[in-house]
Amino acid sequence: MSTVELNKKVNDFTAETNDGPISLSDFSGKYLVLYFYPKDNTPGCTNESKDFRDQYDAFKSLNAEIVGVSRDSLKSHQNFIDKYELPFELIADTEESLCNQFDVIKEKNMFGKIGRGIERSTFLINPKGVLIAEWRKVKVAGHADEVLKTLKESQ
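Residues numbered from 1 in each chain as written. Predicted model: local features only at pLDDT ≥ 70, side-chain atom pairs only at ≥ 80, totals over all residues. Heavy atoms only, no water.

1. Examining the pairing of strand S2 (residues 20-23)
With four bridges connecting them, strand S1 (residues 14-17) and S2 associate as antiparallel partners. Bridge pairing links Thr 17 to Gly 20 in S2. Between S1 and S2, which pair antiparallel in sequence order, lie two residues. (Pairing = 2+ DSSP bridges. Helix = DSSP H or I, 4+ residues; strand = E, 2+ residues; numbered from the N terminus.)

2. A look at the nonpolar core
Phe 52, Phe 59, Ile 66, Phe 88, Leu 90 and Leu 151 are the most contacted members of the largest nonpolar core, which totals 25 residues. Every element with two or more residues in this core is listed here: strand S3 (31-36), helix H1 (43-54), helix H2 (56-61), strand S4 (64-70), helix H3 (74-84), strand S9 (131-135) and helix H5 (143-153). Counting residues per element, this core draws most heavily on H5, which supplies four residues. In this structure, Ala 15, Ile 91, Phe 102 and Phe 123 belong to the second largest nonpolar core, which totals 22 residues. (Core = buried A, V, L, I, M, F, W, Y, C linked by side-chain atoms within 4.5 Å. Buried < 20%, exposed > 50% of the residue type's maximum accessible area, 1.4 Å probe, protein only.)

3. Some remarks on the packing of H1 against H5
Relative to each other, H1 and H5 sit at 40°, their axes nearing to 8 Å. Put simply, H1 runs oblique to H5. As for how H1 packs across H5, the hand of that crossing is right-handed. The segment H1 lies against H5, with Glu 48, Asp 51 and Phe 52 engaging His 143, Ala 144 and Val 147. (Axes fitted to C-alpha atoms, helices over the stretch in contact; angles between N-to-C directions. Parallel < 35°, antiparallel > 145°, perpendicular 65-115°, else oblique. Left-handed = near helix turned anticlockwise from the far one by under 90°. Contact = heavy atoms within 4.5 Å.)

4. Details of the UniProt feature "active site" (unreviewed entry) in the protein chain
As recorded in UniProt, the feature "active site" (unreviewed entry) lies at Cys 45. Structurally, Cys 45 is set in helix H1. Residues contacting Cys 45, with those up to four places away along its chain left out, are Tyr 37, Pro 38, Lys 39, Phe 80 and Arg 120. (UniProt positions renumbered as here; feature names shortened; annotations may be inferred.)

5. Focus on the side chain of Ser 121
Within the secondary structure layout, Ser 121 lies in strand S8 (residues 121-125). A distance of 2.7 Å separates a polar side-chain atom of Ser 121 from the backbone oxygen of Glu 119. (Polar contact = N/O pair within 3.5 Å; in protein donor to acceptor, adjacent residues only side chain to side chain.)

6. Structural notes on the pattern of salt bridges
Under the criterion given, the structure shown has nine salt bridges. Close ionic contact of Lys 39 with Asp 72 constitutes a salt bridge, the shortest N to O distance being 3.3 Å. With Lys 39 in the loop between S3 and H1 and Asp 72 in the loop between S4 and H3, this pair connects stretches of sequence that are 33 residues apart. Judged by relative accessible area, Asp 72 falls into the buried class, the value being 7%. Between Arg 116 and Glu 96 there is a salt bridge, with its nearest N and O atoms 3.0 Å apart. Separated by 20 residues along the polypeptide, Arg 116 in strand S7 (residues 113-118) and Glu 96 in the loop between strand S5 (89-92) and helix H4 (97-101) bring together distant segments of the chain. Salt bridges sharing partners connect three or more residues here, namely Arg 71, Glu 96 and Arg 116. (Salt bridge = Lys/Arg side-chain N within 4 Å of Asp/Glu carboxyl O.)

As structure tokens, then:
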């Protein structure tokens, strides 16, 4: 069950990245784009990450940081970062604690096989830690542009 609600403060969390643990409180005073994706090195997830990478300077100029989240390992994340030159951190949520906080684990039908996985979702958190926008069941094409537009409009 989700513990996040629009226009409410997001509970602080700490999670592991390749650069060490990060917490929501580390981003105090900045906007945070937190995007959840199913798996490193799959076509949709790669394109989404590359779109955020390509817009990274525009986000930074608006006082925003981007962080990706999946259930992949730190080793998988490092390979993904290196391969696509991602300039932002990726959280290895192997225990699904952040996924559960944001309620992104859903039952999915993958090639006729039912399983649990991350539903592609993005959350925009303002400098005070309040969730100001969310996108669920994200379609990759144009998504980074839409998040950037919402960020601009919120300022």
